[in-house]
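Here is what each chain is made of, one letter per residue.
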Amino acid sequence: MSSRSTNPGGASRVRRRALLGTAVLVVLVALAGLAAYLTRDGRASSKTPAPQVSSASPSSPTASASASSRPHSSRGDLPVPPSTHDPIAFGKAAAAALWSYDTRAYSQRELLAALRGWLTSERKYADTASVDALVPSRVLWKQMAANGQFATAKVNEAHFPDSFTQALQADPGAITTAYVYAVTVSGKQSIAWKGSPHGGAENRVTTLAVQCRPSQPCALAGVLSAVAP
């Protein structure tokens, strides 16, 4: 999905991001680029390529595409997190939610609110900025809505990265501090718009930080800036 430029939110946001990064670092010691994730500031979000605004022209958006079970003609619903204690199942659902949007069915503000509802209630581990960065800005959303643009997602596979499993095997008790799991999800995102019901498609892959405490259903902690294979 597309990015949304964000402004650094002050000490509290930096603290939450650092704590999230620390929790993930415990089980992702071998993840290349994690240090950059821990130290990046809000300006990194603005470097993510913005979504193309579609038009009837064949040369318009290079789309991130998707194929969901819904036909392209249907209107999408706001994403609702599943109630599960399985980080892999939750990671798949979260990736599908992050790769999907429908400017015909709801506003940018409504999508932001819905995706924030996937985040853990433990604020020190919730990296809201990493989720917000995947939603188009209000200005871009308005342009996309004028063309009836929407994206759907199909998840192909999800797994714990090798670095995660190796670190967990080396220190099984490390996970019990925050119960934050790394989950790498791959799939396909599809995009379409008025006059082009089939749009385009491209493969997607992302690594999510998923919190699954034994006493409560899984929740999203954040989206890592680097993919862990």
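To be clear, the structure that these remarks concern was listed above.
Residues numbered from 1 in each chain as written. Predicted model: local features only at pLDDT ≥ 70, side-chain atom pairs only at ≥ 80, totals over all residues. Heavy atoms only, no water.

Focus on the overall build of the protein
Of the regular secondary structure elements, the protein holds seven helices and five strands. Counting helices and strands in the order they occur from the N terminus, the protein gives α-α-α-β-α-α-α-β-α-β-β-β. Relative to its 229 residues, the protein shows a buried fraction of 49%. Once local pairs closer than 6 in sequence are excluded, the contacts in the protein between residues at least 24 apart make up 77%. Of the roughly 10500 Å² of accessible surface on the protein, 54% is carried by carbon and sulfur atoms. (Helix = DSSP H or I, 4+ residues; strand = E, 2+ residues; numbered from the N terminus. Buried < 20%, exposed > 50% of the residue type's maximum accessible area, 1.4 Å probe, protein only. Contact = heavy atoms within 4.5 Å. Areas by Shrake-Rupley, 256 points an atom, 1.4 Å probe, with all protein chains shown as cover.)

So, the sheet that holds strand S5 (residues 219-223)
A sheet is described by the order of its strands in space; here five strands give the open sequence S1-S2-S3-S4-S5, paired in antiparallel fashion. This sheet does not close on itself; its edge strands, each paired only once, are strand S1 (101-102) and S5. In this sheet, strand S4 (residues 196-211) lies alongside strand S3 (residues 180-193) in antiparallel orientation, the contact comprising 13 bridges. Note that in S4 the partner of Val 185 across the bridge is Thr 206. (Pairing = 2+ DSSP bridges.)

Looking at unusual backbone geometry
A positive phi angle, close to 55°, is found at Tyr 179, a residue other than glycine. With respect to the secondary-structure elements, Tyr 179 resides in the loop between helix H7 (162-170) and S3. Among the residues examined, Tyr 179 registers a relative accessible area of 19% and is labelled buried.

Examining the packing of aromatic side chains
Inspection of every chain in the model, using the stated rule, returns six aromatic pairs. Three or more aromatic residues joined by ring pairs make a cluster, and in this case those are Tyr 101, Tyr 106 and Trp 141. (Phe/Tyr/Trp six-rings, centres within 6.5 Å; stacked < 30°, edge-to-face > 60°.)

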